[in-house]
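Listed below are the residues making up each chain.
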Amino acid sequence: MPIATPDDYAQMLDTAKAGHFAYPAINVTSSQTLNAALRGFADAESDGIIQVSVGTALYLSGAAQNRVAGSLALAAYAHEVAKHYNVTIALHTDHCPEPNLDDWVLPLLEDSIRRVKRGQLPLYQSHMWDGSVLPLDRNLEIARRLLDLSHAARTILEVEVGVVGGEEDGIVGSMDERLYTTVDDARQLVGALGSGKNGRYMAALTFGNIHGAYKPGEVKLRPALLGEIQSSLAQQTGLDRPLDLVFHGGSGSTAEEIAEAVRHGVVKMNIDSDTQYAFTRSIAGFMLSRYDEVLKVDGEVGVKKSYDPRTWGTPAEQAMADRVVQAAQQLGSAGRSS
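Predicted model only: the values in this text are computed from it and were never measured.

*Asks:* Just to check I follow, could you spell out the nonpolar core for this structure?
*Replies:* Note on soluble globular proteins: their nonpolar side chains tend to be buried together. Within the largest apolar cluster, 76 residues are counted, with the highest numbers of intra-cluster contacts made by Ile50, Trp129, Leu189, Tyr201, Leu205 and Leu243. Ranked by size, the runner-up nonpolar core spans 15 residues in total, among them Ala4, Tyr9, Leu13 and Ile49.

*Asks:* When you look at the sheet that holds strand E5 (residues 156–161) in this model, what are you seeing that I'm missing?
*Replies:* The strands making up a sheet associate through hydrogen bonds between their backbones, and the pairing can be parallel or antiparallel. The sheet built from eight strands closes into a barrel, its strands ordered E1-E2-E3-E4-E5-E8-E9-E10 with parallel pairing. On average, adjacent strands in this sheet sit at an angle of 25° to one another, irrespective of strand direction. Pairing geometry for strand E1 (residues 23–27) and strand E2 (residues 48–52), over three bridges, is parallel. Note that in E2 the partner of Ile26 across the bridge is Ile50.

*Asks:* Is there a simple way to explain the pairing of E5 in this structure?
*Replies:* Residues in a regular strand project their side chains so that they alternate between the two faces of the sheet. With respect to burial, E5 is a largely interior element, six of its six residues being buried. As defined by bridge partners, strand E4 (residues 126–129) adjoins E5 across four bridges and the pair is classed as parallel. Across the sheet, the residue bridging to Ser126 is Ile156, located in E5. This β-α-β element, E4 to helix H6 (residues 136–153) to E5, shows right-handed connectivity.

*Asks:* Before we go on, may I ask you to explain the packing of aromatic side chains in this structure?
*Replies:* Here the structure, examined in full by the defined rule, presents two aromatic pairs. Look at Phe21 and Tyr23: their rings are 5.4 Å apart centre to centre, the planes differ by 80°, and that puts the pair in the edge-to-face class. Each member of the pair, Phe21 together with Tyr23, is buried. Positioned over the ring face of Tyr180 is Arg222, at 5.0 Å from the centre of the ring.

*Asks:* Would you mind showing me how to read the packing of helix H2 (residues 31–44) against helix H4 (residues 67–82) here?
*Replies:* Between two packed helices, both the angle of their axes relative to each other and the distance between the axes serve to describe the pair. At a minimum axis distance of 11 Å, the contact between H2 and H4 shows a crossing angle of 35°. In the packing of H2 onto H4, the handedness of the crossing is right-handed. Only Leu74, Tyr77, Ala78, Val81 and Ala82 of H4 make contact with H2, whose side of the interface consists of Ser31, Leu34, Asn35 and Leu38. Grouping the constituent residues of the contact of H2 with H4 by class yields seven nonpolar, two polar and no charged.

Analysis parameters
Residues numbered from 1 in each chain as written. Predicted model: local features only at pLDDT ≥ 70, side-chain atom pairs only at ≥ 80, totals over all residues. Heavy atoms only, no water. Core = buried A, V, L, I, M, F, W, Y, C linked by side-chain atoms within 4.5 Å. Buried < 20%, exposed > 50% of the residue type's maximum accessible area, 1.4 Å probe, protein only. Pairing = 2+ DSSP bridges. Helix = DSSP H or I, 4+ residues; strand = E, 2+ residues; numbered from the N terminus. Axes fitted to C-alpha atoms, helices over the stretch in contact; angles between N-to-C directions. Right-handed = clockwise from strand over helix to strand, strands pointing away. Phe/Tyr/Trp six-rings, centres within 6.5 Å; stacked < 30°, edge-to-face > 60°. Lys NZ or Arg CZ within 6 Å of the ring centre and 35° of its normal. Left-handed = near helix turned anticlockwise from the far one by under 90°. Contact = heavy atoms within 4.5 Å. Nonpolar A, V, L, I, M, F, W, Y, C, P; charged D, E, K, R; others polar.

Structure representation (structure tokens):
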């Protein structure tokens, strides 16, 4: 299917929230890992979200070192190949801190606004503003400005209130009390951005989340906090579970923690470390078991078929796709493609 239209994407999120499931949001770093994510969603018969980080956007542009060029190039590729899969995919830009607004998300929003004015659709369907390191009032001030632009671009904004700990792609979150978003924080969020009339947004609230790879039990999550916040906001707005929530830093989470977070309105869960590992682990296994074929050892010539990137790349893509299937099954989106 073609990449989701703005209406398709809104319907995806509405369906997930009503059905008490969430979509995996898979970070990709190349056309190869994008293909793996698409294959995984198709194998799971799940719609889903593919996203690009601030570092990947730069990496994708090669010597140009231009985040906008890298993001637009991957989006163009995704739009072309995704239409050959029987699932609906949305494209998203992940964590954008304030220093990268001018060289990444703002130009992408401006590109989308120009497209909309010409009667076209935006290439990306949502963008994340990460103002979590800023004072909350400053975070929300910028978020409101971005929400106005996002509404004009027919895209959805994702904001973070609270701080996801650990490090992801050079963005470091502090390990302190801000790991837990408060009810008052969430009330300020809704006060600043509204409940949808000013433009649609998703909220990455924090409940002990930490980026990175962890064993189960090492990260102390409090998903019940999301329920407390939603209940308080329901009284304020008159809406059931008024926020569309995003789960960051999910590695090492138990199935019960994930299920509880989804019950409280999580519609999108970011997955990066686990899919990166699945992809690279396959390559490592191939190389270590065939070192004398992929290397020209002791004056030999190796085996060309073995060091052909397609030979080791194909099983790596399948390994990553299998991890995407697992995520879709765990989040409940498997078998629900529109």
